[in-house]
Amino acid sequence: MHDFQFKNNELYCEKIKVREIANKVGTPLYLYSHHTLVDHFTKIKKAFAPVNPMICFAMKANGNLAVLKTLLNEGAGVDIVSQGELLKALKLKADPKKIVFASVGKTEEEIALAIKTGILFFNVESVPELEEINRVAQKMNKKTQAALRVNPDVEAATHHFITTGTLKNKFGIDLKSTYDILKSQKKYPHVKISGLHIHIGSQLTTNEPFIKAIKKIVEFISSLKNEGIDIEYLDIGGGMGIIYKDEKPQTAQEYADSILPILKRTSLKIIMEPGRFIVGNAGIFVTKVLYIKDNGYKKFIIVDGAMNDLIRPSLYHAYHEIVPLKKAEVDTGTFDVVGPVCESGDFFAKDRVLPKVIQGDFLAIMSAGAYGYVMSSNYNVRCRAPEVMVHGNKYAVVKDRETYQDLMRGEHIPEFLK
Ligand code: LLP
């Protein structure tokens, strides 16, 4: 469920007409519902209450400070993948002991800042990375913590770009090497290896791959115990799928019901890293119809948003529902919904049956809260769209539309061209 609903044929976000915001702020724009964010976070928290997990929001899904603040206010921790994300989390005074840091390519600078901050742990993805963390910690005369990201070699039925838990992917460490590292922990005196981490992919709509991976890792952990190796934390990653079209993903409760029996048999401290589940359906992208074009073969709705704003359809052929802000009951034609960018790959939908729309109408591209704004770019020298958050009958611009000055900042004409 989410708080973008039609009332009297007009799309509302919570208690405000989306059209009102589009008219005031201008398009294109991203719009988030505060209530939906809190609701989705609470659903996970309640469902998993029996193991009282630390729920670290994967801010790669949406790094907006107001979104993050909403979740921090609810008690969330943060799953980060870069120094930029760490700095954003720190700006909001996130508790460092609730920050976990993944990424296959952490730099020395990133590692040093995270150690200085005192984050809970690094999710370590390779032996050389572990060596580097140990070296940096030694240089700083500190001891830090790590969880080894295990690649459980489990196939997750999702788009091949976002499956991460098989040995064909760059992520994590295979089980045998994980075992070898744990056996030789003394080599890394400045790193306490206190946890294991898995994340097998994103937008998973069935429980089976999760169950399979978690079972595998829990069995592995208990076999380690027999050898005197104690693991304190298990980070089960993110990946819970949402409804974009007609998927029937597991609810938070169904997900919990399927894995809690495995987790409850252990005394592990559980960490979760949901991103999309919390924010995906808590956001939409609003765009305006510029032109309707009929070339005799195909009809195109040309809008003011583009692939630089929301790249998921172009990149993954992802389906996003598209609705006019004013609901019309009758579908009148099949259209490609496209942006102004100079590429055939610039589309939000292909051959989509839609109701009649005319120039100047607004369209909402649904389920755009996760991996939307964060993956936007300035391609074609287009300013990034603003982000707006609704809270009941109030709204606020939580990130300004970029300006052309922003776009040219830092560019210089060298002397030899003058
Ligand atoms: N933890 C780790 C280590 C991850 O790599 C990810 C996502 C998450 C947690 C959060 O996963 P979620 O709960 O959001 O599924 N850009 C793609 C998705 C990339 C996912 C990357 N990793 C998309 O637009 O579908």
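Below: a short report on this structure. Because the structure is a prediction, the values reported are computed rather than measured.

**Section: a nonpolar patch on the surface**
Here's step 1: Residues Val381, Tyr404 and Met408 make up a contiguous nonpolar surface patch of roughly 360 Å² in combined accessible area.
Here's step 2: Looking at the secondary structure, you find Val381 in the loop between strand 18 (362-365) and strand 19 (387-391).
Here's step 3: For Val381, a relative accessible area of 57% corresponds to the exposed category.

**Here we look at the site of the ligand**
Here's step 1: The full set close to the ligand counts 19 residues, and Ser202, Glu273, Arg312, Tyr316 and Tyr371 are the nearest of them.
Here's step 2: At 3.3 Å, a side-chain N or O of Asp79 approaches a nitrogen atom of the ligand.
Here's step 3: Within the side chain of Ser202, a nitrogen or oxygen atom sits 2.4 Å from an oxygen atom of the ligand.
Here's step 4: Contact with the protein chains removes 92% of the 590 Å² of surface that the ligand exposes when unbound.
Here's step 5: Its residues placed into classes, the shell around the ligand shows six nonpolar, seven polar and six charged.
Here's step 6: The two domains that each donate at least three residues to the shell around the ligand are domain 1 (4-31 + 280-408) and domain 2 (34-276).

**Side note on the sheet that holds strand 3 (residues 16-17)**
Here's step 1: Strands sit in the order 1-2-3 across an open sheet of three strands; the sheet is antiparallel. Here the strands that pair on one side only, and so sit at the sheet edges, are strand 1 (4-7) and strand 3.
Here's step 2: Pairing analysis gives four bridges linking strand 1 to strand 2 (residues 10-13), with the strands arranged antiparallel. Within the sheet, the bridge partner assigned to Lys7 lies in strand 2 and is Glu10.

**What about helix 7 (residues 175-183)?**
Here's step 1: The set of residues buried in helix 7 consists of Thr178, Ile181 and Leu182. Around the axis of helix 7, the buried residues are gathered within 95° of arc, so they sit on the same side.
Here's step 2: Tucked into the core, helix 7 has its buried residues touching helix 6 (127-139), strand 9 (144-149), strand 10 (191-197) and helix 8 (208-226).

Analysis parameters
Residues numbered from 1 in each chain as written. Predicted model: local features only at pLDDT ≥ 70, side-chain atom pairs only at ≥ 80, totals over all residues. Heavy atoms only, no water. Patch = residues over 30% accessible without salt bridge, like charges linked within 9 Å, V, L, I, M, F, W, Y side chains within 5 Å. Areas by Shrake-Rupley, 256 points an atom, 1.4 Å probe, with all protein chains shown as cover. Salt bridge = Lys/Arg side-chain N within 4 Å of Asp/Glu carboxyl O. Helix = DSSP H or I, 4+ residues; strand = E, 2+ residues; numbered from the N terminus. Buried < 20%, exposed > 50% of the residue type's maximum accessible area, 1.4 Å probe, protein only. Near = heavy atom within 4 Å. Polar contact = N/O pair within 3.5 Å; in protein donor to acceptor, adjacent residues only side chain to side chain. Nonpolar A, V, L, I, M, F, W, Y, C, P; charged D, E, K, R; others polar. Domains from an automatic or database assignment. Pairing = 2+ DSSP bridges. Arc of directions from axis to C-beta. Contact = heavy atoms within 4.5 Å.

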